[in-house]
Amino acid sequence: MKNNIFTLTVLGLSSVFASNASAVSYVSSNAATKTATLTVDASQGTAGGGLNFNGAVKGAKSFTVPAGWNVVLNFKNMGALAHSAAVVKGSTPPLNVTAKELAFPGAETKMVMQGLAMNAADSVKFKATTAGTYLIVCGVPGHALGGQYLGLKVVAGAKAASYQ
């Protein structure tokens, strides 16, 4: 009987841990307000030597948002180095993030070139007005070229935001 209780306890704990591990969500949608909320955590883990967003490097993960929706991008720097986030045009990270590279007005964290310190956060709001392919990059010089970026697809006709 003791072995059965132990087995059930271990199985119960493993299912709790498994459900917590899959509970991480980086995106939510509100169709009524046409708002997508994206979470971008810089330096989440060691992938890319810490030059990652949400643990992904070199655009391996991507957000999709419906064209015309409002976007709230919640950014947090979890790493020791300074990091930032900016939505830029195209599918290749720029050498430097300047106003001409920005895809949408207001689509960058404060101190985009200098970056925010460890545990600092910022929330930016912009409207995804034009369908297309974009990148969310770290604006600190060299970081995006080192692989610190995610994809962002703005899709006409999409019904909800997603992350994959």
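None of the values given here were measured: they were computed from a predicted structure. (Residues numbered from 1 in each chain as written. Predicted model: local features only at pLDDT ≥ 70, side-chain atom pairs only at ≥ 80, totals over all residues. Heavy atoms only, no water.)

Caption draft 1: Broad picture of the overall build of the protein. A count of helical and extended segments in the protein gives one helix and nine strands. Counting the 164 residues in the protein, one finds 41% classified as buried. Within the protein, contacts between residues at least 6 apart in sequence are counted, and of these 69% link residues at least 24 apart. Surface exposure of the protein reaches about 8500 Å², of which carbon and sulfur atoms provide 60%. (Helix = DSSP H or I, 4+ residues; strand = E, 2+ residues; numbered from the N terminus. Buried < 20%, exposed > 50% of the residue type's maximum accessible area, 1.4 Å probe, protein only. Contact = heavy atoms within 4.5 Å. Areas by Shrake-Rupley, 256 points an atom, 1.4 Å probe, with all protein chains shown as cover.)

Caption draft 2: View of the side chain of Thr-35. Looking at where Thr-35 falls in the secondary structure, it is placed in strand S2 (residues 35–42). Engagement of the side chain of Thr-35 in a polar contact is seen with the side chain of Thr-33, the distance being 3.1 Å. (Polar contact = N/O pair within 3.5 Å; in protein donor to acceptor, adjacent residues only side chain to side chain.)

Caption draft 3: Summary view of the sheet that holds strand S1 (residues 27–30). Strands sit in the order S1-S2-S4-S6 across an open sheet of four strands; the sheet is mixed. Of all strands in the sheet, those with a lone pairing partner are S1 and strand S6 (121–127), marking the two edges. Across the sheet, the mean angle separating the axes of adjacent strands is 15° when strand polarity is ignored. In the sheet, strand S4 (residues 70–77) pairs with S6 via seven bridges, with the strands oriented antiparallel. For Val-71, the partnering residue across the bridge sits in S6 and is Phe-126. (Pairing = 2+ DSSP bridges. Axes fitted to C-alpha atoms, helices over the stretch in contact; angles between N-to-C directions.)

Caption draft 4: Quick peek at the pairing of S2. Burial analysis of S2 places six of its eight residues in the buried class, the great majority of the element. With four bridges connecting them, S1 and S2 associate as antiparallel partners. When the sheet's bridge partners are listed, Asn-30 is paired in S2 with Thr-35. Connecting the antiparallel pair S1 and S2 is a turn made up of four residues, with Lys-34 showing a positive phi of about 50°. Of the pairings in the sheet, the one linking S2 to S4 comprises eight bridges and is parallel in character. Following the sheet pairing, Asp-41 is matched in S4 by Lys-76.

Caption draft 5: Molecular detail of the sheet that holds strand S8 (residues 149–155). An order of S5-S7-S8-S3-S9 is seen for the five strands of this open sheet, with the pairing classed as mixed. Only two strands of the sheet have a single partner each, and these edge strands are strand S5 (86–89) and strand S9 (162–163).

Caption draft 6: View of the nonpolar core. Counting 32 residues, the largest nonpolar core has Phe-63, Val-87 and Ile-136 as the members making the most contacts within it. Counting only elements with at least two residues in this core, the list comes to S2, strand S3 (62–66), S4, S6, strand S7 (132–137) and S8. In terms of residue count, S2 provides more of this core than any other element does, four residues in total. Counting residues in each nonpolar core, the second largest holds nine residues, with Val-88, Leu-135, Val-137 and Tyr-149 among its members. (Core = buried A, V, L, I, M, F, W, Y, C linked by side-chain atoms within 4.5 Å.)

Caption draft 7: Region of interest: the confidence of the model for the protein. Put simply, the protein has an average pLDDT of 89, and 85% of its residues get 70 or more. Contacts of residues 1–23 to residues separated by more than four positions or lying in other chains number zero contacts, the stretch itself having pLDDT below 50. (pLDDT = per-residue confidence, 0-100.)

Caption draft 8: The packing of aromatic side chains, seen in detail. For the structure shown, the criterion picks out five aromatic pairs. With centroids separated by 6.4 Å and ring planes inclined at 90°, the aromatic side chains of Phe-53 and Phe-75 adopt a geometry described as edge-to-face. Here Phe-53, found in the loop between S2 and S3, pairs with Phe-75, found in strand S4; they are 22 residues apart in sequence, far enough to count as distant. Just as Phe-53 is buried, Phe-75 falls in that class too. (Phe/Tyr/Trp six-rings, centres within 6.5 Å; stacked < 30°, edge-to-face > 60°.)

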